[in-house]
Amino acid sequence: TPPERIRNFCIIAHIDHGKSTLADRMLQITGAVADRDMRAQYLDRMDIERERGITIKSQAVRMPWEQDGHAFALNMIDTPGHVDFTYEVSRSLAACEGAILLVDAAQGIEAQTLANLYLALENDLTIIPVLNKIDLPAADPERFAKELADLIGGSPDDVLRVSGKTGEGVEELLDRLVAEIPAPKGDADAPARAMIFDSVYDAYRGVVTYVRMIDGTLSPRERIQMMSTRATHDLLEIGVSSPEPVPSKGLGVGEVGYLITGVKDVRQSKVGDTVTGARTPATQALAGYVDPKPMVYSGLYPIDASDYPDLREALDKLKLSDASLAYEPETSVALGFGFRCGFLGLLHLEIITERLEREFGLDLITTAPSVIYEVTTETNETIVVTNPSEYPDGKINGVTEPIVKASILAPKDYVGTIMDLCQTRRGTLLGMDYLSEQRVELKYTMPLGEIVFDFFDQLKSRTQGYASLDYEPAGRQEADLVKVDILLQGDRVDAFSAIVHREKAYAYGTTMTERLRKLIPRQQFEVPIQAAIGARIIARENIRAIRKDVLAKCYGGDITRKRKLLEKQKEGKKRMKMVGRVEVPQNAFIAALSGD
Ligand code: GTP
C-alpha cells in the first residue's frame, strides 16, 4: 500500500472506557474479522488480559476502509493504558500519526487518559476526540464534550459521539480517521529503518516483533540488523496482522507489520530499537530507545521449598516474553530460597505473580514491595539497596529515594481527603487545575516508596473509587529514612525489615509486633517480639509461654485471618520455620506480610 493510502492511529483511553469494545466494533464494521469469527476483546490474547479486562501488551491490526472509491489501510496500534507501561505506550504512539482520544461519556477524562494525551501531543499526533458509551442512560455527552474541547482546543461540536456497544457513530469515526490523520511520510529509497513498538513471545513461532516502517523497505528472507546491539538475524517471515498474521511480500514506508526471525528471547528484539537491513544498514537509529528500568522490587518465595527449581524455570520462561522483568536468587532466614525481582511498577508485579501462580501452578509468598534506595556510607561509598534487609546497619552519611510527579484526578468534593492522604505520604502539592466545574487535577511530587505502599487502595477507598492516579519518575531526593527490624526472641526476621521515614518508624514497629503477636502460636517459653532501629528497641510485645491446658487454642489470630491462612495453606502441610528457638508456622509470615 502506498503511504498516501495508509493511516496509522492508536486509541488513548482510560481502563474501562471501552477501548477493546470499540476496537472489536471497528474490526467488524471494516470486515477485518468476519461476523462468525468475532468474539469479545478480539485483540486481547493473554487469558489474564481477557479475564481482568485490561490490555497488557500492545498489538497492531490492519483494517481495510474505503472512501471516495479509494481503498485505505487503517493500522490500529493498541496501547496499554496503565502507568507501569508508559514506555510501551510512548513507543506505540511514536508509531502513529494520529490518536483517538476515547472518553466514557458518563465518566469524563481520567488521569491516565490525560497522561497519555500529553504523550501523544508531545509526539505531534493529530487527536480525534471521541465520547464513547453514548447509549448509556447516565451518559452526559454535552458536559464532557465541553470538557474535552476545553482540554485540546476546538469546539464541543467536533467531539464525535459513538457507542462501541451498538456501533453507532463508528463508521463516521472511520471516515474521520481517513480525513484527518496525516498520511505517513518517509524516504522510500533510503536504507530501511523500522521502529520496534512491540515484541511478543509466541510458544510456536518464537519472538514476533511488531514494527512501523519509517524509511525504505524490508523484504522476506533478507538479513536484518538490530541497531542497538548490531546483532543480525535472518527474516523468516514478514507480514501484517489483519488481525490474523498474513505473510506479505515486504513492508514499505509507513506500513505496520510483524517480523519473525526465529529468536527465542524478546531481549534480542527490544521495544524502541531500530531494525535495518544488514546489507545496506542505515547509519542513524531512530530516536528514543531506552532500556526500561525496574522501579519496584519484591522477594518472591515458593511456599513449598521444593518448588524452587520450578519457580526459576517459570521466571526464565516469563523473561522470554517480558524484557523488563529482572530477577536474581536471594535467600531469607524466614522464607528460605527465592528470588529478588524487579518490576516496572505495582501492576507489573501483580501481573507477574498472578501469571506465576496461574500459568505455572506455583504458590508464592511476596515480600513487601521496595523501591531503590541509594545509601552513602560513612566511607562515602554508594550502596544500592533494593532489599531492606540489606540496608547497612551502622552509621550512614545519607540516603536518597526515588520521587515521582503524581497527577490525581477526582471530583472536587474529594480534594480535602486527597490532600490529607498525600500529606501523610510526604507529598508536596505542585498545583491544582479545574478541568471542569466538578473535576480537579491535583499535582504532587511524592516519594515512590509511599505510593507502592497501598497508596492507590487508600486513594480509591477515600474517593469511593472516583479518583484516578498517574505518575512519572522525577528523580531522587535525600530523605530521613531508617531501617526498622523485627526481632523474635532477639533474632532478626529478615523478611520483615522495612525502610521507612523516621517519623513512621514507630507506627510500623507497633503494627508489625502486634500483628505477629496474634499470629505466632505460644511456645514452651516466653517470646518477646521487638521492633528496633539499629540497637534501639522502639516497640515490644510478648507471647506468653504455654500452659498445658491451652494447647488447643494455640493458633491465635482472628477468625477471618485464620480462614485466609487456611486458604493459602494446602491441606495437611502445616510447615514450621525455626527462627532461633522459636517455631513459626509459615503461614504466619504470609499473613503478616500481606497485612490488612
Ligand atoms: P481496558 O482493556 O481495561 O483498558 O478496558 P477497555 O477500555 O478496553 O474497556 P472494555 O472495552 O473492556 O469495556 C469496559 C466495559 O464497558 C465493558 O463492560 C464493556 O461492555 C462496556 N462498554 C464498552 N463500550 C460500551 C458502550 O459503547 N456502551 C456501553 N453501554 N457499554 C460499553
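Notes on the structure in this doc start here. Note that the coordinates shown come from a computational prediction; the quantities given were computed from them, not determined experimentally.

How each quantity is defined
Residues numbered from 1 in each chain as written. Predicted model: local features only at pLDDT ≥ 70, side-chain atom pairs only at ≥ 80, totals over all residues. Heavy atoms only, no water. Salt bridge = Lys/Arg side-chain N within 4 Å of Asp/Glu carboxyl O. Helix = DSSP H or I, 4+ residues; strand = E, 2+ residues; numbered from the N terminus. Buried < 20%, exposed > 50% of the residue type's maximum accessible area, 1.4 Å probe, protein only. Pairing = 2+ DSSP bridges. Contact = heavy atoms within 4.5 Å. Axes fitted to C-alpha atoms, helices over the stretch in contact; angles between N-to-C directions. Core = buried A, V, L, I, M, F, W, Y, C linked by side-chain atoms within 4.5 Å. Phe/Tyr/Trp six-rings, centres within 6.5 Å; stacked < 30°, edge-to-face > 60°. Lys NZ or Arg CZ within 6 Å of the ring centre and 35° of its normal.

1. Some words on the pattern of salt bridges
Reasoning step 1: Counted by the stated rule, this structure contains 27 salt bridges.
Reasoning step 2: Residues Arg-355 and Glu-359 are paired through a salt bridge, measuring 2.9 Å at the closest nitrogen-oxygen approach. Within this pair, Arg-355 and its partner Glu-359 are both found in helix H8 (residues 346-359), separated by 4 residues, close to a single helical turn.
Reasoning step 3: When its relative accessible area of 14% is taken as the criterion, Arg-355 is described as buried.
Reasoning step 4: Given the relative accessible area of 42%, Glu-359 is considered partly exposed.
Reasoning step 5: The salt bridge involving Arg-502 is made with Asp-480; its shortest N-O contact spans 3.0 Å. Of this pair, Arg-502 sits in the loop between strand E27 (498-501) and helix H12 (505-519) while Asp-480 sits in the loop between strand E24 (468-478) and strand E25 (481-488), and the two are 22 residues apart along the sequence.

2. As for the sheet that holds strand E5 (residues 126-132)
Reasoning step 1: Read across the sheet, 6 strands follow the order E2-E3-E1-E4-E5-E6 without closing on themselves; strand pairing throughout is mixed. Of all the strands in the sheet, just strand E2 (60-67) and strand E6 (160-161) have a single pairing partner and so form its edges.
Reasoning step 2: Of the strand pairs in this sheet, E5 and E6 are connected by 2 bridges, and their pairing is parallel. Bridge pairing in E6 links Leu-131 to Arg-161.
Reasoning step 3: Relative to the sheet, helix H1 (residues 19-29) contacts strand E1 (6-13), E2, strand E3 (70-77) and strand E4 (98-104), its axis offset from that of E1 by approximately 150°.

3. A word on the side chain of His-14
Reasoning step 1: On the secondary structure map, His-14 appears in the loop between E1 and H1.
Reasoning step 2: Accessibility expressed as a relative area gives 13% for His-14, which makes it buried.
Reasoning step 3: Beyond its immediate sequence surroundings of up to four residues, His-14 is in contact with Leu-102, Glu-110, Gln-112, Thr-113 and Ser-468.

4. Notes on the nonpolar core
Reasoning step 1: In this structure, Leu-356, Ile-408, Ile-418, Phe-455 and Leu-459 are the most contacted members of the largest nonpolar core, which totals 46 residues.
Reasoning step 2: With near-sequence residues (within four places) excluded, Leu-459 lies in contact with Ile-408, Ile-418, Leu-421, Ala-467 and Leu-469.

5. A few points about the pairing of strand E16 (residues 326-332)
Reasoning step 1: Judged from the 7 bridges that link them, E16 and strand E17 (residues 336-343) form a sheet pairing that is antiparallel. When the sheet's bridge partners are listed, Ala-326 is paired in E17 with Gly-342.
Reasoning step 2: Hairpin connection, E16 to E17: the antiparallel pair is bridged by 3 residues.

6. Concerning the packing of aromatic side chains
Reasoning step 1: Under the definition given, this model contains 5 aromatic pairs.
Reasoning step 2: Ring geometry for Tyr-308 and Phe-337: centres 5.9 Å apart, planes at 55°, overall tilted. On the criterion of sequence distance, the pair formed by Tyr-308 in helix H7 (residues 308-321) and Phe-337 in strand E17 is long-range, its members being 29 residues apart.
Reasoning step 3: Each residue in the set Tyr-308, Tyr-327, Phe-337 and Phe-339 is aromatic and connected to the rest through ring pairs, giving one cluster.
Reasoning step 4: Of note, Arg-205 hangs over the ring of Tyr-258, and the distance from its end group to the ring centre comes to 5.7 Å.
Reasoning step 5: Here the guanidinium or amino end of Arg-581 rests over the ring plane of Phe-525, the centre of that ring lying 4.1 Å away.

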